[in-house]
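# Close look at the chain arrangement
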Amino acid sequence: MRTDDLVQALVADRATAPPLGTQFAWALAAGLVLSAAGFLLVLGPRPDIGGAVGTIRFDIKIVQVLLLAVTAFTLVLQIGRPTAVHRGRVAALAIAPVLLLLAVGAELMVVPADRWPVRLVGTNSRVCLTAIPLMALPLLAAFLIVLRRGAPASGAVAGAVAGLAASAAAAVLYATHCPDDSPLFVAVWYPIAIGGVTLAGALLGRFLLRW
Amino acid sequence: MSDAGWSDLMRAANAGDAEAYGRLLHAIAAALRAPIRRNLLRAGRSAADVEDVVQEVLLAVHLKRHTWDSERPVGPWVHAIARYKVVDALRRRTGQFDLSIDEFSETLAAEEPEPSVPASEVERHLATLPAGQRTVVQAIAVEGRSIGEAAERLSMTAGAVRVALHRGLAALAKQLGQD
């Protein structure tokens, strides 16, 4: 077919998709509603959440996962486009891990060494490792659906970012349930759960996000 | 044509100006032929494939145009689409995964007219589309009919013609990216 002829057909086709940002907003809303519904039905926030909100460890934990979720979602908004991602937004991903490292340092200084293993192992790691990936699923699926309509420069990278944002949002929900607030617990178990979902996103993205 | 010119045409196109959209797609094709040829030859591929890749890029530009951020210039976005499609075309046919290509420079290449021998890949995949989509794409692309004329000739509603055209183009783009 001649290129001139193809252009005639492209010009005649006026069907357009909604802007990517709008699609991601819907994906986030739909995924969050599903995840939150599942969370409230099965786990729910911890019974003593009213008192926990006033404690420094709980507050820092929530701020960390919230920061990770927000910085990862701003990257999701860009990763569906073929053009290079804003470097500042990539660098911003480091904010939450740096904050976590500082909190770990502070915890190691104020808690005696013989108490470290108890804090690290916690009581709820098995729930942490299952609940975060499960609650991330609806969000990851919704992000991947939108990314498939997008044009990511790398399917694996886009899938990984989607997995990171989905599991960070799931971690926010989970953090309100988990009784373990020590930065030592957070620094060991949350990254395993979030890293697993991020890796799954990368593998899925490699196959699903070609265009 | 300058990059600012492309962005203006794209904005006009998104606002419904079909004539501007046609000019933009022609300008993109004319500017990409030289860099696409350079990359194909460098990877040991035939210059005869250039127009196929140009058409693949045009289809992607068309189907992915909602991924352009209208507050940014459209040139880098077009080059990013072209880059992805060139790497993909080379990867599919050479089986190599780690390909470096000449970057599409931000300064636009000399415009080059369409070669006299038509590209064959779109034609080949067109033949495998469902009959409804194929006849609609052919009526509009090859026979140059409008949506209304095609609807009348094929005894379809204009809406059905629009749907078949869009699905046909999306199916073509998908198939081109798969073999």
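Everything numeric in this text was worked out from a predicted model, so none of it was measured.

Thresholds applied
Residues numbered from 1 in each chain as written. Chains lettered and ligands numbered in written order. Predicted model: local features only at pLDDT ≥ 70, side-chain atom pairs only at ≥ 80, totals over all residues. Heavy atoms only, no water. Salt bridge = Lys/Arg side-chain N within 4 Å of Asp/Glu carboxyl O. Helix = DSSP H or I, 4+ residues; strand = E, 2+ residues; numbered from the N terminus. Axes fitted to C-alpha atoms, helices over the stretch in contact; angles between N-to-C directions. Parallel < 35°, antiparallel > 145°, perpendicular 65-115°, else oblique. Left-handed = near helix turned anticlockwise from the far one by under 90°. Contact = heavy atoms within 4.5 Å. Nonpolar A, V, L, I, M, F, W, Y, C, P; charged D, E, K, R; others polar. Domains from an automatic or database assignment. Buried area = accessible area lost by both parts, 1.4 Å probe. Polar contact = N/O pair within 3.5 Å; in protein donor to acceptor, adjacent residues only side chain to side chain.

Attention now moves to the pattern of salt bridges. Residues and elements named next belong to chain B. Counted under the stated rule, the structure contains 18 salt bridges over all chains. A salt bridge links Arg-11 to Asp-8, with the shortest nitrogen-to-oxygen separation between them at 3.6 Å. Of this pair, Arg-11 and Asp-8 both sit in helix 1 (residues 3-14), three residues apart, which is roughly one turn of the helix.

Residues and elements named next belong to chain B. Orientation of helix 2 (residues 18-42) relative to helix 3 (residues 50-63), taken along the N-to-C sense of each, is 135 degrees, at an axis distance of 9 Å. Our classification of the angle between helix 2 and helix 3 gives oblique. The way helix 2 lies across helix 3 gives a crossing that is right-handed. On the side of helix 2, the interface is formed by Tyr-21, Leu-25, Ile-28, Ala-29, Leu-32, Arg-33, Ile-36, Arg-37 and Leu-40, while helix 3 contributes Val-50, Glu-51, Val-53, Val-54, Val-57, Leu-58, Val-61 and His-62. Classifying every residue of the contact of helix 2 with helix 3 gives 13 nonpolar, one polar and three charged.

Before going further, it helps to spend a moment on the domain arrangement of chain B. All names here are of chain B. Here chain B is partitioned into domain 1 (1-108) and domain 2 (120-179). Each of domain 1 and domain 2 has a C-alpha centre, and the two are 22 Å apart. In this assembly, nine residues from domain 1 lie in contact with twelve residues from domain 2. For the pair domain 1 and domain 2, the two sides together bury roughly 840 Å², of which 61% comes from carbon and sulfur. Of all residues in domain 1, Asp-52, Leu-59 and Leu-63 bury the most surface against domain 2, accounting for 51% of the area lost on that side. Along the contact surface separating domain 1 from domain 2 lie three residue pairs in polar contact (both at pLDDT 80 or more). Where the side of domain 1 that touches domain 2 is concerned, the elements lending two or more residues are helix 3 and helix 4 (74-94). Among the elements that line the side of domain 1 that touches domain 2, the one with the most residues is helix 3, at six residues. Counted by class, the side of domain 1 that touches domain 2 contains two nonpolar, two polar and five charged residues.

Let us now look at the environment of Arg-46 of chain A. All names here are of chain A. Its place among the elements puts Arg-46 in the loop between helix 2 (20-42) and helix 3 (49-52). Residues Arg-46 and Arg-126, 80 residues apart in the sequence, show an inter-C-alpha distance of 16 Å. Setting aside residues up to four positions removed in sequence, Arg-46 forms contacts with Ala-52, Phe-58, Lys-61, Thr-176, His-177, Cys-178, Pro-179 and Asp-181. Of note is the side chain of Arg-46, whose polar atom sits 2.9 Å from the backbone oxygen of Cys-178.

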